[in-house]
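Structure assessment
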Amino acid sequence: SYLEVLETVDSEEACNEIAAKNEVNQVVWKPLRSDSDEAKCIVKAPQPFCGKAATTRVNHLGNAQTDPLYSSRFHLRLPHFPSGDTKRCVLRVRYNITTGDYDHKNTFADSNGENSPVTNDPTVNILGGDDNLGLTLAINTAQFGRTFQDRSHIFKIVPRTEAMAGKFLHNLNGRGQRGNIVQNYPSVEYDFIPDQLTAKKGDLIHVQWAGYNTNPANRAGEGTDATDRNNFVQMAGDLDTSYPDKIEKSSFWQNVESLTAPDATPKDIAVAMASSGYYCGYEPHSTCPAELSLTGNTREELQGQLNNANASYRGHVLQVKEVGTYFYMCTRNNNFTNRSQKGSIVVKE
């Protein structure tokens, strides 16, 4: 299998040069098809990862039994496409379950029907012989060794700018959905992911989120019913507090720069992230038209619960320039005693 074919590369020498510079992918010059000798520069797919999933409490689709405790997750390294083209990708997530009641490695389709090692709702005599103590088991053979969940999600990977090349990029997203813990089960309420991010000085952090205006009606939450909203503001204190800091006092904004809007000031970035992109900056800049900035806005003002902002926001790719510990929150969804949408970013040398 392969990720892509570099059609513009027309020689083995040029392909080998790309391969020598690529630290992520295996790039080879070889025929693409078995029925043709025409060689192409092929970017091979990475080796699949096979690992044991984190253990969770039985009958509880929630926190994994790890140290520190966190909800079940998989850290995915996004594929790298040497062509630099925008790619439309599909993430497929499947939840499979097996049983130890038969040898699943050597049981195949010919073991169906009368040959099945298990039967529906069998009654088992636990005494045997002439004595009888039959107990009926709750077994549905259609549930054995099957896929319970199969979900596919579509996303795009866009090329990096020259300033982003070769740098480690962390993806900081919102997760969860509108509703309380009961309404959302087995999903979760609003949160950031990862909510405890550790980065190195000079790393990149892409803060972004996706949401909807079509959630089920009458679920617990702030703002207009059935809508998602998020924002990102630095907190005035640590994670035990509930108030955002003034932008001019926020150390985080003074210690980052945007690589998606290089001429945006710290105040521009802070305003955009606080307003979920409703204002593209405090003042106009190269990626922020005057009429969409806070000072030049020609629309209605931002509603305090972000009701007139967009549900999704591409955010900014930020480069962290200084070490430190930074705490942040979402002003709309963080609701003391009901739900906490906060996070921390720890930057080290």
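Notes on the structure in this doc start here.

Definitions and limits used
- Residues numbered from 1 in each chain as written.
- Predicted model: local features only at pLDDT ≥ 70, side-chain atom pairs only at ≥ 80, totals over all residues.
- Heavy atoms only, no water.
- Helix = DSSP H or I, 4+ residues; strand = E, 2+ residues; numbered from the N terminus.
- Rg over C-alpha atoms; globule rule 2.2 N^0.38 Å.
- Buried < 20%, exposed > 50% of the residue type's maximum accessible area, 1.4 Å probe, protein only.
- Areas by Shrake-Rupley, 256 points an atom, 1.4 Å probe, with all protein chains shown as cover.
- Lys, Arg positive; Asp, Glu negative; His and termini not counted.
- Charge placed at Lys NZ, Arg CZ, Asp CG, Glu CD.
- Salt bridge = Lys/Arg side-chain N within 4 Å of Asp/Glu carboxyl O.
- Patch = residues over 30% accessible without salt bridge, like charges linked within 9 Å, V, L, I, M, F, W, Y side chains within 5 Å.
- Pairing = 2+ DSSP bridges.
- Axes fitted to C-alpha atoms, helices over the stretch in contact; angles between N-to-C directions.
- Contact = heavy atoms within 4.5 Å.
- Phe/Tyr/Trp six-rings, centres within 6.5 Å; stacked < 30°, edge-to-face > 60°.
- Lys NZ or Arg CZ within 6 Å of the ring centre and 35° of its normal.

1. Observations regarding the overall build of the chain
Helix and strand counts for the chain come out as four helices and 18 strands. Against the compact-globule benchmark of 20 Å for 349 residues, the chain has a radius of gyration of 26 Å, which places it well outside the compact range. In terms of overall dimensions, the chain has C-alpha extents of about 90 × 65 × 40 Å along its principal axes. Within the chain, buried positions represent 31% of all 349 residues. Put simply, the chain shows about 22200 Å² of open surface, and 49% of that area lies on carbon and sulfur atoms. The distance from the centre of the 35 positive side-chain charges to the centre of the 41 negative ones in the chain is 3 Å.

2. Quick notes on the pattern of salt bridges
Within this structure, the stated rule accounts for 10 salt bridges. Of the charged contacts, one joins Lys87 and Glu4 as a salt bridge, the two residues approaching to 3.1 Å between their closest N and O atoms. Here Lys87, found in strand 6 (residues 87-97), pairs with Glu4, found in strand 1 (residues 2-5); they are 83 residues apart in sequence, far enough to count as distant. Since its relative accessible area comes to 5%, Glu4 is described here as buried. In this structure, Asp150 and Arg92 form a salt bridge, with 2.6 Å as the shortest nitrogen-oxygen distance. Of this pair, Asp150 sits in strand 9 (residues 146-157) while Arg92 sits in strand 6, and the two are 58 residues apart along the sequence. Residue classification places Arg92 among the exposed residues on the basis of a relative accessible area of 51%. Put simply, Glu7, Glu38 and Lys40 are held in one network by salt bridges that share partners.

3. A look at a nonpolar patch on the surface
A surface patch of nonpolar side chains, about 620 Å² in accessible area, is lined by Phe49, Phe74, Leu76, Leu78, Leu91 and Val93. Mapped onto the elements of the fold, Leu91 is located in strand 6.

4. Looking at the sheet that holds strand 1
Sheets are built from strands that pair by backbone hydrogen bonding, the pairs being arranged parallel or antiparallel. Pairing within the open sheet is antiparallel, and its three strands lie in the order 1-3-2. In this open sheet, the two strands that pair with only one neighbour each are strand 1 and strand 2 (27-31). Strand-to-strand twist of the sheet, defined as the mean angle between neighbouring strand axes without regard to direction, takes the value 40°. As judged from the three bridges shared by strand 1 and strand 3 (residues 39-44), these two strands associate in the antiparallel manner. Residue pairing across strands places Val5 opposite Ile42, the latter belonging to strand 3. This element, helix 1 (residues 12-21), spans strand 2 and strand 3 of the sheet and lies at about 150° to strand 2.

5. Some points on the packing of aromatic side chains
In total, this model carries 11 aromatic pairs according to the counting rule given. For the ring pair Trp209 and Tyr313, a centre distance of 5.6 Å and an interplane angle of 55° mean the geometry is tilted. You can see Trp209 sitting in strand 13 (residues 204-209) and its partner Tyr313 sitting in strand 16 (residues 313-320), a full 104 residues away along the chain. Exposure remark for Trp209: the relative accessible area of 4% places this residue in the buried category. Centre to centre, the rings of Phe232 and Phe252 are 5.9 Å apart; their planes meet at 50°, and the pair counts as tilted. Placement of the pair is Phe232 in the loop between strand 13 and strand 14 (233-234) and Phe252 in helix 3 (residues 251-254), with a sequence separation of 20 residues. As far as the burial class goes, Phe232 and Phe252 line up, both buried. Of the aromatic side chains, those joined through ring pairs into one cluster are Phe192, Phe232, Phe252, Trp253, Tyr326 and Tyr328. One cation-aromatic arrangement involves Lys267 over Tyr282; the distance from NZ or CZ to the ring centre is 4.0 Å.

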